[in-house]
Amino acid sequence: MDGHGEFARAPAAEPPAPGDRVTGRSRATLLLALSTAGLALGGALHLLGFGDAARVVWAATTLAGVLPGTWWVIDAARQHRIGVDVIAVLALLGTLVVAEYFAGAVIAVMLASGRTLEARATARAHRELRSLLERAPRVVHRYHDGQLIAPPLEEVRPGDLLLVQPGEVVPVDGLVERDVAVLDESALTGEPLPVEHGAGDAVRSGVVNAGGPFDLRATTSAAESTYAGIVRLVSEAEASSAPFVRLADRYAVVFLAVSLVMAGAAWVVSGDLARAVAVLVVATPCPLILAAPVAIVSGLSRAARRGVVVKGGAALEQLGHGQILLFDKTGTITVGRPTVAEVVTADAMSADDVLRLAASLDQVSPHVLAAAVVRAARTRSLPLTLPSDVEEVPGQGVRGLVEGHRVAVGKATWVAALPNARWVRSVRRRAELDGALTVFVQVDGVPVGALVLDDPIRTDAARTIRQLRRDGIRRIVMVTGDREESAQTVGAVIGVDEVLADRTPAEKVDAVRLEHRSGPTIMVGDGINDAPALALADVGVAVGARGATASSEAADVVLTIDRLDRLGEAVVIARRARRIALESVIAGIGMSLAAMVFAAFGYLPAAWGAILQEFIDVAVILNSLRVLRDTTTTTRLHGDDAALTRRFSAEHASLRPDVARLRTVADALDPSRPAASLAMVKEINRFLVEELGPHEAAEDATLYPVLARVLGGNDPTGTMSRAHVEIAHLIRRLGRVLDDIGPDGPDNDDIIDLRRLLYGLHAILQLHFAQEDEGYLSLVDDETAAPTTAGS
């Protein structure tokens, strides 16, 4: 076969086990309970007339706050940070000195509540990340000598045949061996509806079997599976702190100095130590030390919920800063998986027969293109038979016996000498112009056809590019190792600013380095050859990676869902997290400074200042938690609307091969063979009238009203409905031309008219399908939308 795929895998690390995580949350909660109880008890005693007893209780509560506060200051110093808890501790000590015990008790409650709120907010923000660890696959059933055994998960190897019971988590990546698997993929994709996978479909570990039992042929070990890779990425994502958070710490140092100066000045000018204590009370900077990290961690959680694992706050902040985007092509802009785009035949055999025989033989071939051929046959529901007497030569092709026929599939040199026929020239020209691969098929020593394979553009690629521009990305460059002509075609379709083709991995690094001079860079790729560029860029993004490849190891951000539009969502989340963090810090500092001025002039006693500061703390932390809210305005289809859209997306996938035949039939029309030409056109006209026409009519009647309701605006599907009218008009004209052709078949003028109509229908249908896939069918919030092509 023409072309080959090479895959490499980085050494797999064992997924980290979720150990017992002892945090300060329990201590902060205990301090909050004690300080709140002390404050309340003192208040009750004061109301009952036991003033001295109340003061003793408040003093004890204040002292209870001093002890852990002092420890937090010492702990920050051990980490080479000047913790701003220093102000809180000084305020607590000051209230003890000036006998403002009620204010001290309020500060103790404030300090404890801030710490508790931080712990709870962080726990909430990490919930989606930790849930991955908690639901890791643990059960496996393997067939062994005709029986089922339950070995340890780490003993599963590629090639093992496993049984996945109802309700179980799929333990490793694999292929559905037989039957249909109904899977709940919500943990990985966010899609709430179960997804069906037929025999031969790839499924990922970590999804739940929502249907009956099915057999799974393992393609990875547990350590190399999708879920293990995600777990590794999660553990990395929880381990770092953003530069913005460290910047907040630096602000805190300045704020600490300002607070001490203002407190000292108030004391010196007024001679009243109580004013200095009041300044310190309202200067306790919980907004500063909590708002930024809570916002950043919330951003990490929000991204993880959308299937984007960001390796720490630093990467999230850099992602929000990105201005220049560089994309790889294969596997990033394109699907990264070869697909049979067209079956071109000689006269001896139909397209379905050519594909069926080739796919039957390719069932036993491990070649990546063989899998594409088999997948295409199954998509068309063609019956496959097992071949015999199979011989495969790497780099050439495979031959064997299928249904009594000697079949050969592979490179042009692998089959018998190709004739200088029109269909052969057409295949080669098309492959050259479109950058496609060709697989020739021979039956009983006679070339009968060829399969044209390409790598389709992702349906969401162009829409994602446009959205990224709206979100602040000012320059987009595609960097690829592919040929110039093919790369330029893809770049024109998706709308990039520049295409850099024929680039080696080292030259991709040079491209990133050059673009970095103009601004912060984001590099997006999926392969091993992208890893150096991903590592060099300010932010590296790996698309659809399992976490065990070189690209995902080098990347700062990993899209665990194989959808490009999640990158746009991640950029929006990153920018919103940083903006809200900055808002919270500025608002907290501003309100505290204003309160400090009032306290310095004696207008805000320590007790009331402590109460005011408590409200400030809670307000800014709750503001930081806004990052967790879903504020995306991107239109998405869910529920019944999504199911209807998936139905038409599946119909596109089944109709697309026959749409491609329009051009093939037009190419094959020959005035010297009028009967054969007429038969081909009548067959394609039957497809247009009986299959394509009803599909287009059903879209107008059922799908477009749903899309119009969801999209809003003034007739958002009007132009697409107009395309339906034009398609129907061309189909009717084709029918009238066929009616006018006599029994002797088409003459030269008839052939010209037929070709004109067939080429026109092919062009408009290719464009129309691509527009629908990109504009409408990719709005379904899962991974099931069908791919489109770059054009023909």
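Here the structure is a predicted model, which is why all the values come from computation and not from measurement.

Our focus in this paragraph is the overall build of the protein. Along the backbone of the protein there are 26 helices and 22 strands. In the protein, which comprises 792 residues, the share counted as buried stands at 52%. When contacts within the protein are restricted to residue pairs at least 6 apart in sequence, long-range pairs at least 24 apart make up 72% of them. Roughly 33000 Å² of accessible area belongs to the protein as shown, and the carbon and sulfur atoms make up 57% of that amount.

Paired through backbone hydrogen bonds, the strands of a sheet run either parallel or antiparallel to each other. Across the sheet, seven strands lie side by side as β10-β22-β21-β20-β11-β18-β19; this open sheet has mixed pairing. Looking at which strands have only one partner, the edges of the open sheet turn out to be β10 (308-310) and β19 (498-500). Ignoring strand direction, the axes of neighbouring strands in this sheet form an average angle of 20 degrees. Note: strand β11 (residues 324-327) against strand β20 (residues 521-525), four bridges, orientation parallel. By the bridge assignment, F327 is partnered in β20 with V524.

The subject of this paragraph is the side chain of S365. Its place among the elements puts S365 in the loop between α13 (351-362) and α14 (368-379). We classify S365 as buried; its relative accessible area is 10%. A distance of 2.9 Å separates polar atoms of two side chains, one belonging to S365 and the other to E392.

Another point: the sheet that holds strand β3 (residues 161-164). With antiparallel pairing, the six strands of this open sheet are ordered in space as β2-β1-β3-β9-β4-β7. The open sheet has two edge strands with one neighbour each: β2 (147-149) and β7 (202-203). With two bridges connecting them, strand β1 (residues 141-144) and β3 associate as antiparallel partners. Residue H141 lies in a different strand from β3, and its bridge partner there is L163.

Here we come to a nonpolar patch on the surface. On the surface, a cluster of nonpolar side chains totalling about 490 Å² of accessible area is made up of V597, F598, F601 and Y603. Mapped onto the elements, F601 comes out in the loop between α21 (565-600) and α22 (606-624). According to the relative accessible area criterion, F601 is exposed, its value standing at 56%.

Glancing now at helix α24 (residues 674-711). In a regular helix each residue adds 1.5 Å, so 38 residues correspond to 56 Å; α24 covers only 49 Å between its end C-alpha atoms and thus falls short of that length. At L703, α24 shows its strongest bend, of approximately 40 degrees, with the proline P705 following within four residues. Immediately downstream of α24, the backbone of G712 shows phi near 75 degrees, a positive value.

What follows deals with the packing of aromatic side chains. Throughout the structure, instances matching the rule amount to one aromatic pair. Residues W58 and F102 carry aromatic rings whose centres are separated by 5.1 Å and whose planes lie at 65 degrees to one another, so their mutual orientation is edge-to-face. Taken together, the residues span a long stretch of sequence, with W58 in helix α2 (residues 51-78) and F102 in helix α4 (residues 101-125) at a distance of 44 residues. For W58, a relative accessible area of 9% translates into the label buried. With a relative accessible area of 29%, F102 lands in the partly exposed category.

Right, let's talk about the environment of P532 for a bit. Inspection of the secondary structure assignment puts P532 in helix α19 (residues 531-536). P532 sits in the partly exposed class, given a relative accessible area of 38%. Through-space distance from the C-alpha of P532 to that of V512 is 9.9 Å; in sequence the pair is 20 residues apart.

All right, on to the packing of helix α25 (residues 718-740) against helix α26 (residues 748-775) then. With their axes 10 Å apart at the nearest point, α25 and α26 run at an angle of 155 degrees to one another. Judged by the angle between their axes, α25 and α26 are roughly antiparallel. You can see that α25 and α26 cross each other, and the crossing is left-handed. Across the interface between the two elements, M720, A723, H724, E726, I727, L730, I731, R733, L734, V737 and L738 from α25 touch L754, L757, L758, G760, L761, I764, L765, H768, Q771 and E772 from α26. Class assignment for the residues of the contact of α25 with α26 results in 14 nonpolar, four polar and three charged.

Let us look at unusual backbone geometry. In this structure, D389 takes a positive phi of about 55 degrees despite not being glycine. Turning to its location among the elements, D389 is positioned in strand β13 (residues 388-393).

Glancing now at the pairing of strand β16 (residues 437-443). Counting buried positions over the seven residues of β16 gives six, a clear majority of the element. Here four bridges tie strand β15 (residues 405-410) to β16, and the two strands are oriented antiparallel to one another. From the neighbouring strand, V409 faces β16, where its bridge partner is V441. Sheet topology places β16 next to strand β17 (residues 446-454); seven bridges connect them, and they run antiparallel. From the neighbouring strand, Q442 faces β17, where its bridge partner is P447. The hairpin turn running from β16 into β17, its antiparallel successor, is two residues long, and D444 in that turn takes a positive phi close to 55 degrees.

Glancing now at the packing of α21 against α22. Running from N to C, α21 and α22 cross one another at 170 degrees; their axes reach a closest spacing of 9 Å. Between α21 and α22, the angle is such that the two are roughly antiparallel. Contacts from I580, E583, S584, G588, M591, S592 and A595 in α21 reach L612, Q613, I616, V620, N623 and S624 in α22. Partitioned by chemical class, the residues of the contact of α21 with α22 number six nonpolar, six polar and one charged.

Per-residue pLDDT for the protein has a mean of 79; in total, 83% of the residues score no lower than 70. Here helix α5 (residues 127-134) is the element of the protein with the lowest mean pLDDT, 55, and strand β18 (residues 475-479) is the one with the highest, 94. Here residues 783-792 scores under 50 on pLDDT; set against residues more than four positions off or in separate chains, the count is 39 contacts.

Once that is clear, we can look at the pairing of β1. Of the pairings in the sheet, the one linking β1 to β2 comprises three bridges and is antiparallel in character. Paired with H144 across the bridge in β2 is Q147. Taking the residues that link successive antiparallel strands as the turn, the β1-β2 hairpin has two residues, and the phi of D145 there is positive, at about 55 degrees.

This paragraph deals with the nonpolar core. Residues L325, F327, I333 and L567 are the most contacted members of the largest nonpolar core, which totals 42 residues. For this core, the leading source of residues is α21, giving eight residues. When residues no more than four places from it in sequence are discounted, the contact partners of L567 are L325, F327, L468, V524, V541 and L559. In this structure, A108, A263, V282 and A283 belong to the second largest nonpolar core, which totals 39 residues.

It is possible for side chains of opposite charge to pair when their charged atoms get near one another. Summed over all chains, the structure comprises 28 salt bridges. Close ionic contact of R356 with E403 constitutes a salt bridge, the shortest N to O distance being 2.6 Å. Within this pair, whereas R356 is found in helix α13, its partner E403 is found in the loop between β14 (397-402) and β15, the two being separated by 47 residues in sequence. Looking at R356, the relative accessible area reads 15%, which means it is buried. Classification of E403 by relative accessible area gives partly exposed; the value is 42%. With its nearest N and O atoms 3.7 Å apart, the salt bridge here joins R722 to E726.

The next point concerns the side chain of T62. With respect to the element layout, T62 can be found in helix α2. Classification of T62 as buried rests on a relative accessible area of 0%. When near neighbours in sequence (up to four residues on either side) are disregarded, T62 contacts L92, T95, L96, Y101, G104 and A105.

About the thresholds
- Residues numbered from 1 in each chain as written.
- Predicted model: local features only at pLDDT ≥ 70, side-chain atom pairs only at ≥ 80, totals over all residues.
- Heavy atoms only, no water.
- Helix = DSSP H or I, 4+ residues; strand = E, 2+ residues; numbered from the N terminus.
- Buried < 20%, exposed > 50% of the residue type's maximum accessible area, 1.4 Å probe, protein only.
- Contact = heavy atoms within 4.5 Å.
- Areas by Shrake-Rupley, 256 points an atom, 1.4 Å probe, with all protein chains shown as cover.
- Pairing = 2+ DSSP bridges.
- Axes fitted to C-alpha atoms, helices over the stretch in contact; angles between N-to-C directions.
- Polar contact = N/O pair within 3.5 Å; in protein donor to acceptor, adjacent residues only side chain to side chain.
- Patch = residues over 30% accessible without salt bridge, like charges linked within 9 Å, V, L, I, M, F, W, Y side chains within 5 Å.
- Salt bridge = Lys/Arg side-chain N within 4 Å of Asp/Glu carboxyl O.
- Expected span 1.5 Å × (residues − 1).
- Bend = angle between axes of the 7 residues up to and from the residue.
- Phe/Tyr/Trp six-rings, centres within 6.5 Å; stacked < 30°, edge-to-face > 60°.
- Parallel < 35°, antiparallel > 145°, perpendicular 65-115°, else oblique.
- Left-handed = near helix turned anticlockwise from the far one by under 90°.
- Nonpolar A, V, L, I, M, F, W, Y, C, P; charged D, E, K, R; others polar.
- pLDDT = per-residue confidence, 0-100.
- Core = buried A, V, L, I, M, F, W, Y, C linked by side-chain atoms within 4.5 Å.

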